[in-house]
Structures are given as C-alpha cells and as structure tokens.
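Chain residues, written in single-letter form:
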Amino acid sequence: MTEQTYTNLTNAGPVTVTVRDGQIIRVRPLVADPDDFKPWSIEANGKTYSPPKKFNLSPFTFAERERIYSENRIKYPMKRVDFDPNGDRNPQNRGKSGYERISWEEASDLIAKEITRVSDTYGSSAISGMTSSHHNWGIVGYKMGPFWRFFNKLGYTPVFDNPDSWEGWHWGATHTYGFYWRLGMPEQYDLLEDGLKNAEMIVYWSNDPDSTRGIYTGQDSAIWRQWLKDKGVEMVFIDPFQNYTATAMEGKWIAPRLGTDTAMAMAIAYVWLTEETYDKAYIESRTVGFENFKAYVLGSEDGKPKTPKWAAEECDVPARTIVALARQWAKKRTVLAGGSRGGEGGACRQAFGTEWARMMVLLQAMQGLGKPGVSIWGTTMGAPFDASIYFPGYADPDGRMSTSKAADQTPVNPTAQRLYRPDVPDAILNPPYSWVGEGFCGNSLEQQFKPYTYPAEGCSEIKLWYRYGGSFMGTMNDTSKWAEMYQSPKLEFVVNQDCWWQSETRMADIILPACTHMEREDVGEWGTGNGYTQHASNGCNFRVIVRQQKCIEPLWESKSDYDIFSLLADKLGFGEEFTEGKSDKDWAKAFFDISDLPKHISWEEFDEKGYYIINVPEDYKSTPSLRWFAEDRNCDTPDLGNPKRLTEEANQLGTYSGKIEFVSESLSEHFPDDQERPVMPHYIDSWEGHKSPLAGKYPLQLLSPHPRFTFHTHYDKHTPSLDDIPGHRIKKNGYAYWPARLHPDDAAARGIKDGDIVKLYNDRAGVLCCAVVTGRVRPSVIHAYASSAVYDPLDPGDPNSIDRGGCVNMLTSSRLLSKNAPGMAPNSCLIEIEKWEGQI
Amino acid sequence: MSQPTMKVDVDKCTGCYACFLACRDEYTGNDYLPLSAAQPPASQSWMRVEEIERGTFPKLKVSYIPIMCQQCEDAPCIEASTDGAVYRRDDGIVIIDPEKAKGQKAIVDSCPYGVIFWNAEKALAQKCTFCAHLLEAGGEPRCIEACPVAAIQLAGDRLDEGEKLHPEFGLDPAVKYAGLPKNFVTGEVVIKSEDGEECAANVTVVLKSDTEEHSTVTDIFGDFEFDGLTELAGRILIIHHDGHAPIEIPLAGETSIDLGLIELGFGL
Ligand code: SF4
Ligand code: SF4
C-alpha cells in the first residue's frame, strides 16, 4: 500500500490530496509548514486581529473526491445513435436520443472532418463555441487557455460573456464612478483594516458574502465578519430573503419587495437632503450633477417627492424604518456592503438594475465615499496584501496560453463576427440579431455603446457549435430556448466537451470526456484571475501560489482539455504549432518563468514543495481604497487596471469628468434620451414586477440568487453528499429536489405544507421543487437558488416539458436590464406556485 | 491522562456544513482499523448540522447546531453493547469496535442523540471517533480543521463548564455547547406623531418574573429583544414611557414571540 500526497488548487482553496494505490482517498486544506506563514495583524480599538495559519475552503471543496469519482463523469467519447455525418443528422432528436461509445480516434476524426467541411463550405466564421466558467482551476487548463488557442487558430466566431453576476454595476455604476477596468466593482484594498478601525455600521444590501464567498476565496473572510460582529459594529441586511450572512450575524433585517430597492435608496437620499445630513463639501468638490439629482429626489422633476412614505408603498417596508436607517447611516461611519466582490446580489440582476447600482454609489458619495469607514466593501476582500509580486491569473492576457508571452507564438483570430451569450439562441434561431455592447467592457466605457449585428457583414451564420461545459439550463435565463436552439437544423454539428454530464451535454452529437484539475499538471494562484478583478486574492488571509500536481491518471478515457485540443490540432495539421512541443507541465513552468516567483523560489523547489506563500512585508503600508479620491490625492493603491494611475490625471476616477457623476457624462454623450437608463438614476417600475399586469396571473416574485452550497452549477449533481444538506436539496421518495422557500401566508393560501412537492410556473416554464415554508422570506417572494445542475425534463427532449431538477432559470425572462443595458435580469420574474398532484 | 473533548459555539456557527463534508471525506471508503471501518458512500452523518428557526417573519432567528458523538460519561451505547463492542478509552473517547460490533443493531438505537448509524452492508454500528487516528498522529479532527470560524474547538481536557445538548436526556456528555437556542421575546416600539409614526429608540423595556428582572433599551429601529429564555409564561414585559403610565404586557406561550408593534401615544 503506497500513500502519497500532492498539492492542488480548486476554485475555492488550496488542497493537499492523499492518494493510495492510484486512488484519491482524502482532500484536505493545503497542509503547509507553519513556518511558511507570517500572518499580518491589524490593530484596532486596542485589539490585534490576525488570521490563524490555515486555509479555509468552501464547503463543497470537501466533496471534491466525490465529484472526481462521480458516476456522472463522461467516461468515453460518445456519438448520438441517430447522428450520421454522411446521412441523416436528426438534429430534432438532440436531447432525446441515446449515445454509443466510440473511440478517441473515431471521435477526433469526425470532429476534424466537420471542422474542415464547415470551414470550407461556409467560412470559419460558421464555427462558434463557448466555455462555461469556473469548473476547474489552473491557468494551463483554464477555459481561456487551450480552448481559445485552438479556436483562434481556426478563426471562429467568439461569444461575448455578459457579467452575469454583477450586471447593474457593470452597465450602470461604471457611468457613475468609473472602475470599468473592474467591470463596475470598486477597488477593495485595505478595507478590512479600515472596516475594523473605523466602521460603526455595515449595511449589507442585496449581499450574502457568507454564501458567495468573494467568488473564489473560500471561507477566509468568514472570520473577518466575526471580528466585526464581536467589535459591536451594527449590521443591517436588506434582502427579501434572510440570507445566511444575516442569520449568522443577526442585526436588523429589512425585507423589501423584490425590485423596489431603488425606491428605498431614493428615500434615504430624500431624508439626507431634507435633514441636510450629507457631506456637502464632498459633494461640492468630488462630484458633478448633484443639483439635478436633488431636484429629482425632492420631486420637482415628476411632481413626486421620493419620501419615505412614497417608498414605503413601493417597498412594503414601513416609512419609519427607512427614516431610522437613513438617520443612523448619516450619523455613523457606515460601510455599504454591496457591489464589490461577493455583493453581486439580486438587486443588480433585475429590470433596470443599473439604477440601483448607481444609487448605491451615489448614496455613499453623499456620505463621503473613501473617507474612513465610508466605503463600498463587500467584506470579502481587502486584507493586507503584497501586490509587488506578480503572478499571472486566467484573466490576464499573460495568464492564457492563447495570448501569453509564455508562448512562442499566439494565433490571432481574424473573424470580426460575435455572438452575445444571453441571446445566442435568439441569434441563431432568428437572425439577424442586434445588440449594443461588448459583453465584458473592461477597456473603456465606449465598449458599452458599440452596436453589433449577427450575422456580421461577410460572415456566415453558425453551423458548428462547440460547447465546453454545459450548464446554461441552470444559469442563463428562459433556458427552454437553448433546448429549441439545439434542436434546430441550423446547427449542423454540435460537440460537447466536459468532465461531467450536465444539462446541455445531451444536446450534442459528439461528446468528449475531459478530466479534472486533479488529473493533469497545472499551476495557479488561489482566489484570483486578476485582469478585471486585479488582486482578488486579497480576499484570502494568505496569498498562495500552488503547483497543481497531477494526483491521479485521467479517469476512464478522459483527457485534459489541453490534450484534447492538441489531438484535434494534430488531425487538422497544426499540432506542432499548437503545442510548441510543450507538455502541460512545461506550460506550467513557462507561466512560472514569466512571473515574479523565480526571484523568490526556484522551479525545482516549487515543483517539489508544491506551494509558495507570499507573506505581507513587515513594513507594509496600507492604502485604503478611494481614500486618495476622497482626499483629492493621486491614486496610491496598486490598482493596475486604472488607466489614470501614475499619470497627470491620477487623482481622478474613470468617469469622463474624473469625479462621481450624479448625471453621467458618458451616458449624456452616447444615449442622452434613453428613458430606461437615464443619464441620472431614476426609480422605474419593473417590466415584470409587482405592479405589472402579469402580476394578476402570476402574483409571486421569484428571487434566484447565487447558490450557497455549490459553485454555480458545479458540485451539484456530481456530489451525492450535497444532497444531504437540506438547504441545498431535499430528498423525497429517493429523489433530491431543489428547495423553494415561501412565506407561511403564501403557503397557507395555496394549501401548501412544508415538504410538499410544488410546481413553480409561468408562461415560460414549469419547474418542480420541494416547498420549504419559512419566515426567512417575505410574503409574495419565492426564494429558490439559481444554478441547479440537474435538468431533468419529465419529457426528455421536449423544450416545453416540466423540469423536476430545479432549473428555476427556465422560469426567468430573457429580457435584458433595459434597452441599451444588455445584462440579464433573472430577478424580475413573476410566477405562481401550486402543490404538485402528479407523480413524484 | 488528558481527555480531549469538543466545545461548540452555536453563535459562531454559520451553517456552512464544511464540517459535515470534511467528515465524510475522511471516512467514506477509508478504514482506520482498529478504530473505525469505512463508511459507505453518502450515507452516514457522524457530524451533522441541525438548523433551528425561531420566531416569525420578520423577527426570525436561525441557529445551526453541529452535532457529533457527545462522548457521554455513562454512555448508553456502551451499556447496550455486548462483548465490549463499545468501549471508552483512557482518553475518554467512546469507540465502537468495528469487528466486535458486527450484528449489534441495538447499539444504534441506544443513542438518544441519534449519532450512531447502521452500515447495512457490513451489519455494523458506526459513529464519530473524534478522529482518534488523527489525534494520535498529533493532528486534529477534520471537522475542526474545516471550520472557518472556530465554532468547534478542541478542548485539551474534560470541560465542566458549558451547556449540555439535550440535558433532558439525563446524560453527562463531555462535549459542551455555548449559545444553544432558547426562546426570545421581541417587539417594535413606535411613537405616533401627527404625520405618522417614528421608531422609538432608547425606550427602556423591562422583562420581569417573580424571581428575576432584565432590562434593555430599544435600538434605532425601536426594536427590543430578550433572548435566552426558557419560560415565557408568568413573565411581564414593561415598557417605560416618560410622562405616561408604563405599558405592561403579560407573556404566555411556549415558543419565541414577536409582540409586533407597540405604539406609544403622542407626547413623548
Ligand atoms: S452521544 Fe451517543 S454514541 Fe456518543 S457516547 Fe453518547 S450515547 Fe454513545
Ligand atoms: S464548519 Fe463550523 S461554521 Fe461550518 S457548519 Fe460546521 S461548525 Fe458551523
């Protein structure tokens, strides 16, 4: 019996993996030498706060072993039984028909031939495909690496991602305070220290950091919130659901009606304006457009003063509570916890979510954003952090083998055509299709205004669709249309490449088995992709770079994504050019070599030891985010993406005026007449909200935030242990249903009892869930997390079938935030719910 | 010999279930003989988390209680076993012998805490061993390692202080708790004024019984709360209101209550 340990890294923390006789038997938090940790400490209130020498993984990471050995792994290359590339392709049977096992040789031949045929017949723009996010970690194997390197060489049609977790900040807040290089989320440097030293109150607005965990940073920040609570910082939670942070921290819970947060924000501004409890000097020197805003809030624009009474009607929150909150907020140094990492709550992912996000910035501007204790801080980032040592992340051009200087050469894609993820089915089924905006607009505000049409001039419609991952039934909106797209003859050939069977896998003609990050060589830094979320690993207590050692051989007949694309490249005659003769481990070393790590540790030692902890230097000097702006100094934070940093304009924000804009100058210039994203934020009735005519038929509002117990869809379905967590799934007759939480009054009115199987439905779809009757949700709101990985239509292959896997995203509308703000808005969704009388 | 035990702080626990999953990772498919035999996949919860909701919308509280073998002093599982199949080690850890316990289903039913599980395949009763194999190697139990907020901690020796889980079972567990959920009473005090109402902050609220008296003041939202109560019946809540007679509300019932809006007249 031989036992060995390996180091590896997941999307929620570094691990030590024990392998016995070629089998993983244990996955623990990375076991590091205690001497390698030099914990930072923060002095506040006569107390010293310092993190323990450990790595706190997200819970699901402890189920990694189950996920790797899951029965749901794609084990062999497969071909749909009624798919004949030389005869009848039967696209209408995608999602219905079964599969037969084929060899890698046959699969790769077939795919290479189809790529050649489609390219020769229609041009390379007829090839498109896209990846899902986050399922594995490591920059060699990450989705932007081998996939992009391969498809750029082919000259494919790329698909723009939408910033699906923080839409309103991206399409809205950027026009208020810049930070487009962070896609609308503000810098977070040293806000932990600022919070501990200066915060007297924290308002968590549509934010559940204990569940969203700074995206990748595991549970390292949980202890920070414990410190803040122990220190006696008052906490307020604004959310229609009493989220997990709220239950753990206690504090005041305010539960507005879904879609009305902007009204509450307006009323808070109204109290400050009328009681003159805002920071006039700051408004004067650090902002523009205040007078117009003041006029709107006080009612001179539309004759409707935005009083707490007015807001109370909209929000169903007592006016007195809004007044009390506003007064305390003005009186105390208050952190607004929303919008930054971990703050991608429902309020920004709904109709006109731009307005709420902009209001969040403006409220803090009225209290002096950037002054001590007055921040926008999600409480998941901003620990002391040594930013002087560079290590590439997947979102850095240098962190991808498709664009990195770690490669000898990188192919450039000549194709100008684009698709846009939320609308791929609409574009493919009903071209031409037009939209505005480049998806992730991290280089300039102007990218948001760029018009696109599919098909682009001189380009072909898509004929070959290559899907890597397959989770959209659980994560995109109105997902029945994805099923319709897959069954369309317009798509002549569909490939799906993944580690696991997911909701879209069964829609493919050829299925390829990929392996996980434990079955290949890689390297990565915990907690950050850098790029648009530069230095996000300051959400971890210790910065750690991990040599992701291959722990076991690829299971069954799976291969690494890199090996799969190398094989296909070989068949297409550019194998050598694709690999440059490098193995995955050679690439890991190449990335190591272009980082700053060789100045601190040799490759050999790093490779052997498996990790390197970058400690904070003893003479560390903190530079709290936006303090420079509040004090009208040059930016002193290490925010590398800020294009004005280190220039003559270094004291300015990324807006046109360089200040916080109550009236946006970028919107005034490009969309001056847009009534749906006006130049200044307004409260606009939702296109699918409590006042919509549709509410007569579907009176309940669906709230579907990011899930607590999985990482989007990942770890659901493939890890049976998660099904024993009742907050995640509830077993009934042996089937693990997705919980839908509802208020006791709504349950009683419909004769629904706790534990009943219920149907959530509207005109778009029907989804079966297990009812949880609880006072944790406000009346008229149904809370069911987004991101079920189980798409389980009662009638397989029928896009209109009821799903019993819990893909509540099927119920959500694919209408975008607003006309010119193409973000998705899953939290504007009216439904009805009834006890399911069918079989369970 | 020191007797390691666990201290659980329910107020700290966030209900993340990392402990539960880490425990499964350690024991599923892995033998640690002679201390424990492997668990079948996804079937047992040697460490489980119980969620308790108290109160009603919008004054709701949720507690998460991690529960593992309580290492009882007079352990009924030892009594229920034959042939010494369940025994207590010198360090106090109660162990089910994976060989001797075969076929002894009575062991499962003997534990009132419900922390013993039946492995049908091996016809074996199984439970938490405090990760004795890791303790012996100088490590710590997996649940403790996994916990991000130190809600579960290892105590070097038997604890006399602390709450017992389910004291009504009449056992003497070594594991001790803090912050186990009890009843609470809450309410919101408002002042009526000409143009509506305002939250009444800083109002003194007193909770009285024949034997004790607690006092608090309302917060900025006019909310007050007394938590940690066992009995509510027989207590009186008194709201002091300058210039007016105090408002007295007798309490009843056996669960947490939200008295809702308590209106103070105009003229404070
Ligand atoms: S908790 Fe149950 S299993 Fe543990 S010692 Fe007590 S009776 Fe035995
Ligand atoms: S790991 Fe800690 S915080 Fe999480 S559920 Fe267990 S005891 Fe609670």
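What counts, and where the lines are drawn
Residues numbered from 1 in each chain as written. Chains lettered and ligands numbered in written order. Predicted model: local features only at pLDDT ≥ 70, side-chain atom pairs only at ≥ 80, totals over all residues. Heavy atoms only, no water. Helix = DSSP H or I, 4+ residues; strand = E, 2+ residues; numbered from the N terminus. Rg over C-alpha atoms; globule rule 2.2 N^0.38 Å. Buried < 20%, exposed > 50% of the residue type's maximum accessible area, 1.4 Å probe, protein only. Areas by Shrake-Rupley, 256 points an atom, 1.4 Å probe, with all protein chains shown as cover. Lys, Arg positive; Asp, Glu negative; His and termini not counted. Charge placed at Lys NZ, Arg CZ, Asp CG, Glu CD. Contact = heavy atoms within 4.5 Å. Near = heavy atom within 4 Å. Nonpolar A, V, L, I, M, F, W, Y, C, P; charged D, E, K, R; others polar. Axes fitted to C-alpha atoms, helices over the stretch in contact; angles between N-to-C directions. Parallel < 35°, antiparallel > 145°, perpendicular 65-115°, else oblique. Left-handed = near helix turned anticlockwise from the far one by under 90°. pLDDT = per-residue confidence, 0-100. Buried area = accessible area lost by both parts, 1.4 Å probe. Salt bridge = Lys/Arg side-chain N within 4 Å of Asp/Glu carboxyl O. Polar contact = N/O pair within 3.5 Å; in protein donor to acceptor, adjacent residues only side chain to side chain. Pairing = 2+ DSSP bridges. Domains from an automatic or database assignment. Expected span 1.5 Å × (residues − 1). Arc of directions from axis to C-beta.

On a plain count of helices and strands, chain A comes out with 24 helices and 34 strands. The C-alpha radius of gyration of chain A comes to 26 Å, within 12% of the 28 Å expected for a compact globule of 840 residues. Counting only C-alpha atoms and orienting by the principal axes, one finds that chain A spans roughly 75 × 65 × 55 Å. Residue burial in chain A is summarised as follows: out of 840 residues, 71% are buried. Entry remark: accessible area of chain A is about 25,100 Å², with carbon and sulfur atoms responsible for 47%. Across chain A, 91 positive and 113 negative side-chain charges occur, with their mean positions spaced 3 Å apart.

This brings us to the overall build of chain B. A count of helices and strands for chain B gives five helices and 17 strands. Taking 18 Å as the expected radius of gyration for a compact globule of 268 residues, we find that chain B reaches 24 Å, considerably beyond that expectation. Judged by the C-alpha coordinates and their principal axes, chain B covers about 75 × 35 × 35 Å. Across the 268 residues in chain B, those meeting the buried criterion constitute 53%. Here the analysis covers contacts within chain B between residues at least 6 apart in sequence; of these, 57% occur between residues at least 24 apart. If you sum the accessible surface of chain B, you get close to 11,300 Å²; carbon and sulfur atoms cover 50% of it. Each charge class in chain B was averaged separately, 22 positive and 45 negative side chains, and the resulting centres sit 7 Å apart.

This next bit is on the site of ligand 2. Residues in close proximity to ligand 2 total 13 residues, the closest being Cys13, Cys16, Tyr17, Cys19 and Cys147 of chain B. Broken down by class, the residue content of the shell around ligand 2 amounts to 11 nonpolar, two polar and no charged.

With that settled, the discussion passes to the packing of helix H9 (residues 261–275) of chain A against helix H14 (residues 353–366) of chain A. Helix-helix packing is described using two parameters, namely the angle between the two axes and the distance between the axes. Residue and element names in this part refer to chain A. Contact geometry for H9 and H14: axes closest at 9 Å, N-to-C directions at 20°. One element, H9, and the other, H14, form an angle in the roughly parallel class. Remark: the crossing between H9 and H14 carries left-handed chirality. Facing Asp261, Thr262, Ala265, Met266, Ile268, Ala269, Trp272 and Leu273 of H9, the residues of H14 in contact are Glu355, Trp356, Met359, Met360, Leu363 and Met366. Its residues assigned to classes, the contact of H9 with H14 shows 11 nonpolar, one polar and two charged.

Bringing the confidence of the model for chain B into the picture now. With 99% of its residues at a pLDDT of 70 or more, chain B shows a mean pLDDT of 94. Across the interface, the model reports ipTM at 0.96; the global pTM reads 0.97.

Residues and elements named next belong to chain A. Axis separation between H9 and helix H13 (residues 319–331) bottoms out at 9 Å; the angle between their running directions is 60°. By the angle between their axes, H9 is oblique relative to H13. For the crossing formed where H9 meets H13, the hand is right-handed. On the side of H9, the interface is formed by Met264, Ala267, Ile268, Val271, Trp272 and Glu275, while H13 contributes Ile322, Val323, Leu325, Ala326, Arg327, Trp329 and Ala330. Classifying every residue of the contact of H9 with H13 by side-chain character gives 11 nonpolar, no polar and two charged.

Of the residues lining the interface, 52 residues belong to chain A; the matching set on chain B comes to 42 residues. Summed over both partners, the interface of chain A with chain B comes to about 3,900 Å²; 50% of that surface belongs to carbon and sulfur atoms. At the boundary of chain A with chain B, the tally comes to nine salt bridges. Remark: the boundary between chain A and chain B carries 21 residue pairs in polar contact (both at pLDDT 80 or more). Elements supplying a minimum of two residues to the side of chain A that touches chain B: strand E3 (23–29), helix H1 (64–68), helix H7 (222–230), strand E11 (234–238), helix H8 (244–249), strand E12 (252–254) and H13 of chain A. Looking at the side of chain A that touches chain B element by element, the count peaks at six residues for H13 of chain A. Of the residues that constitute the side of chain A that touches chain B, the class distribution is 24 nonpolar, 11 polar and 17 charged.

What follows concerns the sheet that holds strand E1 (residues 3–10) of chain A. Residue and element names in this part refer to chain A. Strand order in the open sheet formed by three strands is E1-E2-E3, with antiparallel pairing between adjacent strands. Lying at the two open borders of the sheet, with one neighbouring strand each, are E1 and E3. Adjacent strand axes in the sheet meet at a mean angle of 30° when their direction is disregarded. For E1 and strand E2 (residues 13–20), the ladder comprises eight bridges, and the chain directions are antiparallel. Bridge pairing in E2 links Thr10 to Gly13.

Interface size, as often reported, equals the accessible area lost upon joining of the parts. All names here are of chain B. As far as domains go, chain B holds domain 1 (6–178) and domain 2 (183–264). Each of domain 1 and domain 2 has a C-alpha centre, and the two are 40 Å apart. The partner domain 2 presents 10 residues to the six residues of domain 1 that form the contact. Around 610 Å² of area is buried between domain 1 and domain 2 when both sides are counted, 47% of it from carbon and sulfur atoms. Note that Arg54 and Asp227 form a salt bridge whose closest N and O atoms lie 2.9 Å from each other. Here domain 1 is connected to domain 2 by five residue pairs in polar contact (both at pLDDT 80 or more). Among the secondary structure elements, those contributing two or more residues to the side of domain 1 that touches domain 2 are strand E2 (48–56) and strand E3 (59–67). A class-by-class count of the residues in the side of domain 1 that touches domain 2 yields one nonpolar, two polar and three charged.

This brings us to the domain arrangement of chain A. All names here are of chain A. Under the domain assignment, chain A is made up of domain 1 (1–162 + 397–528 + 544–613), domain 2 (167–382 + 623–670) and domain 3 (693–835). On a C-alpha basis, the centres of domain 1 and domain 3 stand 28 Å from each other. Domain 1 puts 39 residues into the contact, and the matching count from domain 3 is 36 residues. Counting across the domain 1 and domain 3 interface gives zero salt bridges. The tally of links from domain 1 across to domain 3 stands at 19 residue pairs in polar contact (both at pLDDT 80 or more). Of all elements in the fold, only H1, helix H16 (472–475) and helix H17 (480–486) reach the threshold of two or more residues within the side of domain 1 that touches domain 3.

This next bit is on H9 of chain A. Residue and element names in this part refer to chain A. Given a rise of 1.5 Å per residue, 15 residues ought to cover 21 Å, and the 21 Å separating the end C-alpha atoms of H9 matches this to within 8%. Burial within H9 is extensive, with 13 of its 15 residues counted as buried. Backbone geometry just after H9 places Glu276 at a positive phi near 50°.

A separate point is the site of ligand 1. Around ligand 1 sit Cys69, Gln70, Gln71, Cys72, Ala75, Pro76, Cys77, Cys111, Tyr113, Val115, Ile116 and Lys127 of chain B, and those are all the residues in its vicinity. For the shell around ligand 1, the residue count by class is nine nonpolar, two polar and one charged.

A separate point is the sheet that holds strand E14 (residues 334–337) of chain A. Residue and element names in this part refer to chain A. Strand order in the open sheet made by the four strands is E12-E11-E10-E14, with parallel pairing throughout. Here the strands that pair on one side only, and so sit at the sheet edges, are E12 and E14. The sheet shows a mean angle of 15° between the axes of neighbouring strands, taken without regard to direction. Contacts between H9 and the sheet are confined to strand E10 (201–205), E11 and E12, with E10 contributing the most and set at about 150° to the helix. Set on the sheet, H13 makes contact with E10, E11, E12 and E14; between it and E10 the angle comes to about 130°.

Another point: helix H11 (residues 290–298) of chain A. Residue and element names in this part refer to chain A. Those residues of H11 lying buried are Phe290, Phe293, Tyr296 and Val297. Projected down its long axis, H11 carries its buried residues within an arc of 125°, all on one side. Two residues or fewer after H11 comes Gly299, characterised by a positive phi angle close to 105°.

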